[in-house]
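So the chains spell out like this:
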Amino acid sequence: MRNNPKIIFFSILSFSILFFSCSEKQEKQKKTFNGVWKSMGEWYDSRAYPYKTIDTQIWKTAFENMLHRDGNKQSSSVTSWEALGPMNFGGRTLCITFNPIRPQSMYAGSASGGLWRSYSGALGVQAWHPIPTGFPVLGVASIAISPTDTNTIYIGTGEVYNYQNTGTGFSVRTTRGTYGIGILKSIDNGITWTKSLDWQLDELKGVQDLLINPLNSNTVWACTTEGTYVSYDAGNNWILKHPVQMATDIVMPPGDTSVVLIAAGNLGSPGTGIYRSTNGGFSFSQITNGLPGSYDGKVVFSFSESSPNIVYASIANSFAGVGLYISTNQGLSWSLKSTEDYPKYQGWYSHGITVDPSNSNNVIAFGIDVWKSTSQGTGLIQKSYWSNWNFSATPVGGPEGPSDYVHADIHQAIYMPGSPQTVYFATDGGIFRSTDNGETFSGHNGMYHTQQFYANISNSSTDSLFIIGGMQDNATAVYEGNPAWRRVIGGDGLSTAVDPLNDNRVYASSQYLNVYRSMNKAMSFGYLSGLPSGSSANTTFAGAFEHCSSSPNKMYAARTEVYRSSNYGDSFQTGPVLNGNTIIALGVSPLNCNYVFASVTPVPNPPNSIYKSIDGGISWNLSGSGLPDRYYMDFAFDPLNDQNVYVVLSGFGTEHLYKSTDAGISWNAVPGLPDVPANCIVIDPLYPSNIYVGTDLGIFVSADAGASWISWNDGLWDATMVMHMTISNSNRKLRIGTHGKGIWQRELLLPGTTSINQLTKIEGSVYPIPAIDVCTIELKNIQGQALEIKIYDLNGKQVFPKFSISRDHNTAEIRIQKTNLNSGLYLVNVNDSQNQKTMRILFR
């Protein structure tokens, strides 16, 4: 998430590639201005454009239609989506709350993976499980549990840090965050949920903090982007009590609910300051005594339980800390205790303070790392070091690093009720805990798969147990057949690729198109120095690169121009600048590597555009007419005819899938998808009528080339933001990378169906692997009389080598000769008119 990746850049000598071991040493680099600012801005830009705001109501309506509309029912299948993880480390987490009566029951709000619960205090392999709400909940920024009835739970949704034009010099869209739908309430311990504060306006909003009056549980407070609300009837009705926007925190002193403190403002929003009430919140006055004259970041409070008159405040500018302050009179006046810059450049995003419940002198401050003072905030000592994280496949439920490691970017720290030495931390890498009052730490993320994956995820064509993908602030993850994924590279992981003919050759990248290559199946990587360097000014955060699946030596990468390589990335040639805007997506035909599409952003030269090259990126021309002005997120080609090209669109208010039948000269809408941003598309290479589209509300599939669509979200909960998809040819499964729920997989549809009830009964074995001249397939359990054999290359093109079949009742032997075939992987589809099976063969 920082501008500079969390790695050490090594020099590349001549044309050789230096390989290095991915360990925690790669991360020991000074962190500078972070990437979450850029990535959240791009997330919002792509969904709001060409407007200034996201129409959240359209998104909510689309979710309701997905659940209830007859024409959009989910498929009835014997299989559903299977979560692959990662299960051994977490993703961005915004808040933690404990059941006040049974503290081992705790809740976590993730940034885009919804609400989670643990019954074990986050301990163990099976520590966490999701809580579906029945609503399109992505970001959960606040949770409150009634102290008198712990079955009553409130959650505040949305992750929003900026409010419209705030005078910061940044556009309205910058860092706005993810969808929020208001406040939800459950009165049966999370089994069912209802809307409490239901925002219907077309504006992205967020609920930053919730507080239940401990002496009157019918009174509930909510700090929101719109100001501070209160409900006096347990969430049935809400009143805007304090109108200052971007309210970030609200607290009451233990045992005295007449005093209420509110922190308001962030990123320079109007009215930034601390506000105090002495009449239970009926009126507020701004407090300035002892506080800094001005600051433009956010403020976070913490009251002392043992000394109720003492309250601390962590105050920051947007991109630097201001100071740690203390009040000994419940917030009426303040004094500075420390100017240690523990928030650093995260003053707008993640910092705060918590107080030892048994000793008001002991405070833990946090931002990038954890700091501690035993003298009321003076003499802060750093206790954790984000750079010590462990890149190996740490065990599920394990510590994830040495005892001084807590993942960077800490959003909250909270003491466990009844355990004054035990502190939990919500970070961009999930949940961490200290049992010795902030001296040592361990990760506790068993089964907490809340990682935010970016495009592109990728997998081996021959090894069904190999997947690689990049994540927000969690490096690049490698799956090798078990829930304990390992990490490589560092920083924010972005696009990846695996050579379909040699899965030892793997590519990965970090922010702003820093691309790396491995020749040993992602065990170590070397930096591709042949790719011209760039910056955030001419490169999108998730810089695009693709290779050609039919000739994987050919690669393309993009900044404001497209670079091309014909030697696996050893060197690149620079193409012309397209229109001066940054490029966000590339599409390469699997049938012709010289046939390339590129989509650009509208900044600084609107509108959005698509360019096409037919000579391998040497020259480019604008693609044709028929497309609305939206962000064009991903391309797909008909595997049998690359004149048929598809593109998916983000934003709202238009169709989200367009098709060209003339190689991009003209485009026509393909209707039937919900009006929500579409992020990715993939076509089954064996059955081109089966098209899959990934959206902000999950997966939709057509089995008739786009004539009709069904929701294909069986097994996923609530809303699932799908960022990328890839087909695993070796086991015929579709895999999705989600932004907040890790990676999932599911069996592909059979041709002409909308379910996968037709289970494969044919059994088959292949030998030898690899084959030199002849490959043999032995089949069992053949049911029908006729036996149809079709052989395809990885691009879905049917090939016709010489082969022979010998059959005896329900068994058969197929011998395939290499004649007319190149070395490489092929798929053999066997159909006996009742069932079918797809197997892979490999010729050396």
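Residues numbered from 1 in each chain as written. Predicted model: local features only at pLDDT ≥ 70, side-chain atom pairs only at ≥ 80, totals over all residues. Heavy atoms only, no water.

J.: Teacher, can you tell me more about the overall build of the protein here?
T.: Secondary structure assignment for the protein yields two helices and 65 strands. In terms of overall size, the protein behaves like a compact globule, its C-alpha atoms giving a radius of gyration of 27 Å where 844 residues would be expected to give roughly 28 Å. Seen through its principal axes, the protein has C-alpha atoms that stretch 90 × 60 × 50 Å. Here the protein, with 844 residues, has 64% of them falling under the buried criterion. Put simply, of all contacts in the protein between residues at least 6 apart along the chain, 56% involve residues at least 24 apart. When the accessible surface of the protein is split by element, carbon and sulfur atoms take 49% of a total near 27,400 Å². Positive and negative side-chain charges of the protein, numbering 55 and 62 respectively, have mean locations separated by a distance of 3 Å. (Helix = DSSP H or I, 4+ residues; strand = E, 2+ residues; numbered from the N terminus. Rg over C-alpha atoms; globule rule 2.2 N^0.38 Å. Buried < 20%, exposed > 50% of the residue type's maximum accessible area, 1.4 Å probe, protein only. Contact = heavy atoms within 4.5 Å. Areas by Shrake-Rupley, 256 points an atom, 1.4 Å probe, with all protein chains shown as cover. Lys, Arg positive; Asp, Glu negative; His and termini not counted. Charge placed at Lys NZ, Arg CZ, Asp CG, Glu CD.)

J.: Hey, could you run me through the pairing of strand β19 (residues 299-303) in this one?
T.: Residues in a regular strand point their side chains to alternate faces of the sheet. Most of β19 sits out of view: five of its five residues are buried. Of the two faces of β19, both are covered, the one formed by V299, F301 and F303 as well as the one formed by V300 and S302. When β19 meets strand β20 (residues 311-317), the two strands line up antiparallel, connected through five bridges. Of the residues in β20, the one forming a bridge with V299 is I315. (Pairing = 2+ DSSP bridges.)

J.: So what exactly am I meant to see when it comes to the environment of S510 here?
T.: Relative to the helices and strands, S510 is located in strand β36 (residues 506-510). Separated by 40 residues in sequence, S510 and G470 have C-alpha atoms that sit 7.8 Å apart.

J.: Teacher, can you tell me more about the sheet that holds strand β65 (residues 836-843) here?
T.: Hydrogen bonding along the main chain pairs the strands of a sheet, whether they run parallel or antiparallel. Pairing is antiparallel in the open sheet, where four strands are placed in the order β61-β60-β64-β65. Every interior strand has two partners, whereas the edge strands, β61 (798-799) and β65, have only one. By the bridge criterion, five bridges tie strand β60 (residues 788-792) to strand β64 (residues 824-831) in an arrangement that is antiparallel. In the strand pairing of β64, I789 is matched with V830.

J.: How should the sheet that holds strand β54 (residues 710-711) be read in this particular structure?
T.: The sheet built from four strands is open, its strands ordered β51-β52-β53-β54 with antiparallel pairing. This sheet does not close on itself; its edge strands, each paired only once, are β51 (678-683) and β54. Alignment of β51 against strand β52 (residues 691-695), held across five bridges, turns out to be antiparallel. Residue A678 lies in a different strand from β52, and its bridge partner there is T695.

J.: Explain empty space enclosed by the protein to me, please; I cannot follow it from the model alone.
T.: Unoccupied space between atoms shows up once a probe the size of one water molecule is rolled over them. Here the structure, examined in full by the defined rule, presents one cavity of 30 Å³ or more. Its volume calculated, the largest cavity comes out at about 920 Å³. In this structure, the largest cavity is lined by 36 residues; those nearest its centre are E546, S549, V682, M725 and T726. Of the residues in the lining of the largest cavity, the class split is 20 nonpolar, 13 polar and three charged. (1 Å grid on protein atoms, 1.4 Å probe; cavity = no way out; pocket = protein on both sides within 12 Å on 5 of 7 lines; lining within 4 Å. Points joined across faces, edges and corners; volume = space filled by probe spheres on them. Nonpolar A, V, L, I, M, F, W, Y, C, P; charged D, E, K, R; others polar.)

J.: Would you mind going over the nonpolar core with me for this structure?
T.: With 43 residues, the main nonpolar core has W59, L657 and V693 as its most contacted residues. Of all the secondary-structure elements, those providing two or more residues to this core are α1 (36-48), α2 (56-68), β7 (140-145), β8 (153-157), β48 (641-649), β51 and β52. At four residues, α2 tops the list of elements feeding residues into this core. By size, the runner-up hydrophobic cluster in this structure holds 31 residues, among which are F98, Y424, C680 and V701. (Core = buried A, V, L, I, M, F, W, Y, C linked by side-chain atoms within 4.5 Å.)

J.: What's the story with the side chain of T427 in this structure? I'm lost.
T.: Mapping T427 onto the fold places it in strand β28 (residues 419-427). Judged by relative accessible area, T427 falls into the buried class, the value being 0%. Sequence-distant contacts of T427, defined by excluding residues within four places in its chain, comprise G91, R92, T93, V406, H407, A408, D409, I410, H411 and F432.

J.: How should a nonpolar patch on the surface be read in this particular structure?
T.: A cluster of nonpolar side chains, namely Y232, I239 and F282, defines an oily patch on the protein surface of about 310 Å² accessible area. Of note, F282 is situated in the loop between β17 (273-277) and β18 (285-287). Taking relative accessible area as the criterion, F282 reaches 57% and is therefore assigned exposed. (Patch = residues over 30% accessible without salt bridge, like charges linked within 9 Å, V, L, I, M, F, W, Y side chains within 5 Å. Salt bridge = Lys/Arg side-chain N within 4 Å of Asp/Glu carboxyl O.)

J.: Can you help me understand the environment of L750 in this one?
T.: Relative to the helices and strands, L750 resides in the loop between β57 (743-747) and β58 (763-767). Put simply, L750 and D684 are 66 residues apart on the chain and 10.0 Å apart in space, counted from C-alpha to C-alpha.

J.: In this structure, what is going on with the pattern of salt bridges? I would like to understand it.
T.: Once the charged atoms of two side chains with opposite charge are near each other, the side chains can pair. By the definition in use, this model includes 13 salt bridges. With a shortest N-O distance of 3.7 Å, K521 and D503 are connected by a salt bridge. With a gap of 18 residues between them, K521 in the loop between β37 (514-518) and β38 (524-527) and D503 in the loop between β35 (493-498) and β36 connect regions that are remote in the sequence. On the basis of relative accessible area, D503 is assigned to the buried category, the value being 13%. What you see here is one network of salt bridges that share partners, running through K372, K383 and E439.

J.: Would you take a moment to explain the pairing of strand β9 (residues 182-186) for this structure?
T.: Within β9, five of the five residues are buried, which leaves the element mostly enclosed by the surrounding structure. One ladder, built from four bridges, connects β8 with β9; its direction is antiparallel. Paired with Y154 across the bridge in β9 is K185. As paired strands, β9 and strand β10 (residues 194-198) are joined by four bridges and run antiparallel to one another. Bridged to L184 within β10 is K195.

J.: Is there a simple way to think about the environment of G698 in this case?
T.: Relative to the elements of secondary structure, G698 occurs in strand β53 (residues 698-702). Here the alpha-carbon distance between G698 and Y424, two residues 274 residues apart in the chain, equals 32 Å. Apart from the residues lying within four places of it in its own chain, the contact partners of G698 are V693, N713, T720 and V722.

J.: Looking at this structure, I do not really get unusual backbone geometry. What am I missing?
T.: In most cases, non-glycine residues show a negative phi, while peptide bonds are predominantly trans. With an omega of 5°, the peptide bond running from V603 to P604 counts as cis. Along the polypeptide, P604 turns up in the loop between β44 (596-600) and β45 (609-613). Cis rather than trans, the peptide bond between P606 and P607 has omega equal to 5°. Its place among the elements puts P607 in the loop between β44 and β45. Phi is positive for Y512, which is not a glycine, with a value near 65°. Its location among the elements puts Y512 in the loop between β36 and β37. Even without being a glycine, A705 presents a positive backbone phi close to 60°. With respect to the helices and strands, A705 occurs in the loop between β53 and β54.

J.: Can you walk me through the packing of aromatic side chains in this structure?
T.: The geometry of an aromatic ring pair is captured by the separation of the ring centres together with the interplanar angle, meaning the angle of the planes. Inspection of every chain in the model, using the stated rule, returns 27 aromatic pairs. Taken together, a centroid distance of 6.3 Å and an interplanar angle of 25° make the contact between F301 and W334 stacked. In this pair, F301 sits in strand β19 while W334 sits in the loop between β21 (320-327) and β22 (335-338), placing the two residues 33 residues apart along the sequence. Assigned by exposure class, F301 and W334 land together as buried. Ring centres 5.4 Å apart and planes at 50° place the aromatic pair Y595 and F597 in the tilted group. When sorted by exposure, Y595 lands in the same class as F597, which is buried. The ring of F89 has R487 lying over it, and the distance from NZ or CZ to the ring centre is 3.9 Å. If you follow R505 out to its NZ or CZ, it ends over the ring of Y568, 3.6 Å from the centre. (Phe/Tyr/Trp six-rings, centres within 6.5 Å; stacked < 30°, edge-to-face > 60°. Lys NZ or Arg CZ within 6 Å of the ring centre and 35° of its normal.)

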